[in-house]
Each structure stands twice: as structure tokens, then as C-alpha cells.
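Overview (structure and organization)
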Amino acid sequence: MRVLFDQGTPAPLRTHLAPHEVVTAFELSWGALENGTLLAQAESNGFDVLVTTDQNLMYQQNLTSRTVAIVVLTTTSWPRIRAAVPAIADAVSAAVAGSYVEVTIP
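Predicted model only: the values in this text are computed from it and were never measured.

Thoughts on the pairing of strand β4 (residues 69–73)
- Judged by how many residues are buried, β4 sits mostly within the fold: five of five residues are covered.
- Burial along β4 is two-sided: Ala-69, Val-71 and Leu-73 facing one way and Ile-70 and Val-72 facing the other are all buried.
- In this structure, strand β3 (residues 49–52) lies alongside β4, joined through four bridges in parallel fashion. Residue pairing across strands places Val-51 opposite Val-71, the latter belonging to β4.
- Sheet topology note: the β4/strand β5 (residues 100–103) ladder contains four bridges and is parallel. Residue pairing for β5: Val-71 is matched across the bridge by Val-101.

This is the structure:
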């Protein structure tokens, strides 16, 4: 799957998501895009999953017609995310078009 990391998603997570292809919004110069535009760009550029730390995304955007799956992490803290890598990897691998899941990270 092609996975896009939003601005707040720690880049080191990418090494734990093999065999998925992971690209960051920063690498694509999409770092300043608003959520709706970022979602549209992700879909039109063939991304399957958006990994984000924006817990308000579901309240700010109409997600019913989206084809990109969304995985939301409940923190931006890399040490805490690193401890939850198995759950995150499972969520990304299980993502299907248009799905939305929050991975609660203690």
C-alpha cells in the first residue's frame, strides 16, 4: 500500500511499516496543505492510507465520500508511538478504502 504521513506523524515510524511504501507530506511539499486539500491530493496521487495525528480531522472534514483510509494516532510523541508500533502497523495493514480508525496510544 502507498502510505502518506501528515505533518505531525514522526518520520521514523516509516521504517516499521515495511513492506508499505511510505512518503511524507513534507517530502512532497504538501506540508502547508489544509486537511481537505491534503486528502484530495492523497487520493488523486494514488495513496491508500493517510496516517495523521490530527484527532479533529473527522470533525473538520466530511469523510463519507473519501477513498483514502485514515489512521489517526492519538499523540505526536515518538517514544510513545514507538511503543505502539505493532498496533499502528496492524491498523495500516488492515485499512480499506474510506475507513477511519484511531490508534489510542497511552
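A few points about the sheet that holds β4
- Ordered in space as β2-β1-β3-β4-β5, the five strands form an open sheet in which the pairing is parallel. Of all strands in the sheet, those with a lone pairing partner are β2 (21–24) and β5, marking the two edges. Neighbour-to-neighbour, the strand axes of this sheet turn through a mean angle of 20 degrees, independent of strand direction.
- Examined bridge by bridge, strand β1 (residues 2–5) and β3 share three bridges and lie parallel to one another. Along β3, the bridge assignment pairs Val-3 with Val-49.
- Each of β1, β3, β4 and β5 touches helix α4 (residues 85–94); the most contacted strand, β5, lies at about 175 degrees to it.

Re the nonpolar core
- The biggest cluster of nonpolar side chains holds 21 residues, and the ones touching the most others in it are Leu-13, Val-51, Val-71, Leu-73 and Ile-88.
- Elements represented by at least two residues in this core include exactly β1, β3, β4, α3 (78–83) and α4.
- The leading source of residues in this core is α4, at five residues.
- Those residues in contact with Ile-88 that lie beyond four places of it in its chain are Leu-13, Leu-73, Ile-81, Val-103 and Ile-105.

Thoughts on the packing of aromatic side chains
- Summed over all chains, the structure comprises one aromatic pair.
- The ring of Phe-47 is capped by Arg-2, whose NZ or CZ atom sits 4.1 Å from the centre of that ring.

Parameters and conventions
- Residues numbered from 1 in each chain as written.
- Predicted model: local features only at pLDDT ≥ 70, side-chain atom pairs only at ≥ 80, totals over all residues.
- Heavy atoms only, no water.
- Buried < 20%, exposed > 50% of the residue type's maximum accessible area, 1.4 Å probe, protein only.
- Helix = DSSP H or I, 4+ residues; strand = E, 2+ residues; numbered from the N terminus.
- Pairing = 2+ DSSP bridges.
- Axes fitted to C-alpha atoms, helices over the stretch in contact; angles between N-to-C directions.
- Contact = heavy atoms within 4.5 Å.
- Core = buried A, V, L, I, M, F, W, Y, C linked by side-chain atoms within 4.5 Å.
- Phe/Tyr/Trp six-rings, centres within 6.5 Å; stacked < 30°, edge-to-face > 60°.
- Lys NZ or Arg CZ within 6 Å of the ring centre and 35° of its normal.

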